[in-house]
Amino acid sequence: MISFSEIFSEFTALLAGPDPDLLEIVFLSMQVSLTATLLACLIGLPLGALLAMRDFPGKWLVTVLVNTLMGMPPVVLGLIVYLMLSRSGPMGFLQLLYTPAAMIIAQTALVLPIVTALTRQLIEDSWKDYREPLQSLCVSPWGCVQTLLWDNRFSLMTISLAGFSRAISEVGAVIIVGGNIDHLTRVMTTAIALETSKGDLALALALGFILLVIALLVNATVYSTRMRFA
Amino acid sequence: MKKLALTTLLTAIIAFTTTAGAFAKNNSILVQSTTSTANSGLYDYLLPLFESETGIKVNVVAVGTGQAIRNASNCDADVLLVHARDAEEKFVTDGYGTQRHDLMYNDFVIIGPAQDKANIRELSNVIDALHEIADKNAVFVSRGDNSGTHKTELKLWKETGIDPTIDSGKWYRETGSGMGATLNIAVGMGAYTMTDRATWINFKNRGDHKVLVQGDERLFNQYGVTLINGDKCQSANVTQGKLFVEWLIGDKGQSEIANYRLNDQQLFHPNAR
C-alpha cells in the first residue's frame, strides 16, 4: 500500500520543480473551467434573475427542471456533447471534438443549471423583500435585472464559485469530449484518472492535491476581493 | 470605483481564458487506440520520432478497443490501433477502414495474489488454470467492457466450457472498466485477472500480485493498425493517416517498436508483413 510520505514527496516534487508538462495541464484546466464558468455566468445570472422576477405559465415546471439539471451526471452530458460534435453528428462539421473548445462547451452546459438555479432562488428571495423600493429604481426589466444582480453581487460570487468547483473537479464529461490527449486536451482530472489507471496512486493523489491548491487559490482570490470591496 | 475594480478583474479573466488555442491545430492526425499502447509509454517513445521526421502531430485518444472501434465508426479517427482481430476485420468489411495490417504482438498473462488460492502457478495451460479458478470459486475480475482483452478472455472461457457470467457478481466480477482500473480492483480484492503484459510491467500498484500463468500460445496478443476509409468518412485526414500507418509498418517504425524497452524488457514485438 502507498504511504502518506510517498504521496507527500510526490507532492513536494511537483511543487518544487513544476515541469512544463504539469504547468501546461494546470493552465489548460484553469482555462477550460474558468471560461466555462464565465460563459455559464454570462447566461445563467441574467436568466436566473429573469426566472425569479417574471411570472409566466409553467414557471414551477421550468424551476423544477433547472433544479433537476443541477444533478446531471457529467458522463451523460459528455456523451450528449460527444454525439453532437462527433464527425458523424449534427455539428461534426465544426470539427470541435477532442479540442479544448469541446471541453468548454460540455462544462458550460454542466455549470449553467447550477448558476441559473441558485441565482433564481437568491434573486427571488431578495425580490420578495425589496420589490417595493426596487420597483421605483428599475424602469425597464433589463435595468431591474442589472440592479438586482449588482445588489447581490457578493452572494452571486459564491454561486459562481460553486459552478467553478463543479467544472474544475469533473472528469466524466471532459474525458469523453476531450479524449485526454497529451499536450492538447489533458487536464488535471483526466491526468489523475490516467495515473490511477497506471497504478501510480501516489502521483495521482499528489496531482489531486495540486488541484485542491488551485481551487484554494481561486477561492482565496474571490474571497479577498469580497473582503476588500464588501 | 468598486465597479471599475470588478470590471478590471472580469476583463483579466476574459483575457486569460480567451488566449491560446481553443482549437486543434492542423497538420495533425487522430488515432483511436487501445489503452495498453498508451499506458505502457510506447506512444511517448514512438510519436516524437514520427513527428520530428514528418512534422505531423499525432493525437491519441486511448480507450478500450471496443470504444475505440465505436468512436472510429463515428468517423472520429484517422487511424485505428487496437487488438481484436475479428472486430478489426469486421470494421474493414463494414467499410469504415481500408485495410488492416498486423503491427506487433505481445502476450496476455494471468495474474493473481501470491497465496494463489486456486493453485495455478505451475500450470502452463491457461484453460486448466481457468478451470481451477472456477472450481475453487476463486475471485476472478473481468474487464467486462468489450475491449480486446475482454474478448480474448471470453474466448478462453468458451474453450473451458464454463460460462462464468452465470456467477457474475459472485466469484466472477465484471468491472466494465479499463485495464488499469481493473488491475487496481484485482489487487484490492486479492483476485485473479487477465492483463496484457505491457500494462502489467508498467503498472505500479501491484501489491503482492504476480504473474502466475504465461506462455500458452492461446495468450498471444496481436495488435493491428487500420487506416480509416476516406470514402466513408469525408472529413478524415487520410493522406497523413496513411503516412503514419506506412511509417509504423515500415522498417523505421518496426525497428523502433522493437527498440522500446521498459524495466529492461521489450514490451512489443513487431510483426508487420
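Residues numbered from 1 in each chain as written. Chains lettered and ligands numbered in written order. Predicted model: local features only at pLDDT ≥ 70, side-chain atom pairs only at ≥ 80, totals over all residues.

As for the pairing of strand E9 (residues 220-228) of chain B
Two faces, one strand: in a regular strand the side chains alternate between the faces of the sheet.
Residues and elements named next belong to chain B.
1) Next: The element E9 is largely enclosed, with a buried count of seven among its nine residues.
2) Next: Pairing of strand E3 (residues 79-82) with E9, which is carried by four bridges, proceeds in the antiparallel orientation. Along E9, the bridge assignment pairs Leu81 with Val225.
3) Next: The pairing of strand E4 (residues 97-113) with E9 spans eight bridges and is antiparallel. Bridge pairing links Arg100 to Thr226 in E9. (Buried ≥ 20, exposed ≤ 12 C-beta atoms within 10 Å, placed from the backbone. Helix = DSSP H or I, 4+ residues; strand = E, 2+ residues; numbered from the N terminus. Pairing = 2+ DSSP bridges.)

Quick word on the domain arrangement of chain B
Residues and elements named next belong to chain B.
1) Next: On domain assignment, one finds that chain B holds domain 1 (29-105 + 222-270) and domain 2 (107-219).
2) Next: With 17 residues of domain 1 at the interface, the matching set in domain 2 holds 13 residues.
3) Next: Of all the secondary-structure elements, those providing two or more residues to the side of domain 1 that touches domain 2 are helix H2 (35-39) and helix H4 (65-73).
4) Next: Looking at which element gives the most residues to the side of domain 1 that touches domain 2, the answer is H2, with three residues. (Domains from an automatic or database assignment. Contact = placed C-beta atoms within 7 Å.)

Considering the pairing of strand E7 (residues 192-196) of chain B
Residues and elements named next belong to chain B.
1) Next: E7 sits mainly inside the fold: five of its five residues count as buried.
2) Next: Judged by which residues are buried, E7 turns out to be covered on both faces: Tyr192, Met194 and Asp196 on one side and Thr193 and Thr195 on the other are all buried.
3) Next: Here E4 runs beside E7; their pairing, made up of four bridges, is antiparallel. Residue Phe108 lies in a different strand from E7, and its bridge partner there is Asp196.
4) Next: As paired elements, strand E5 (residues 140-142) and E7 share two bridges and run parallel to each other. The partner of Phe140 across the bridge, within E7, is Tyr192.

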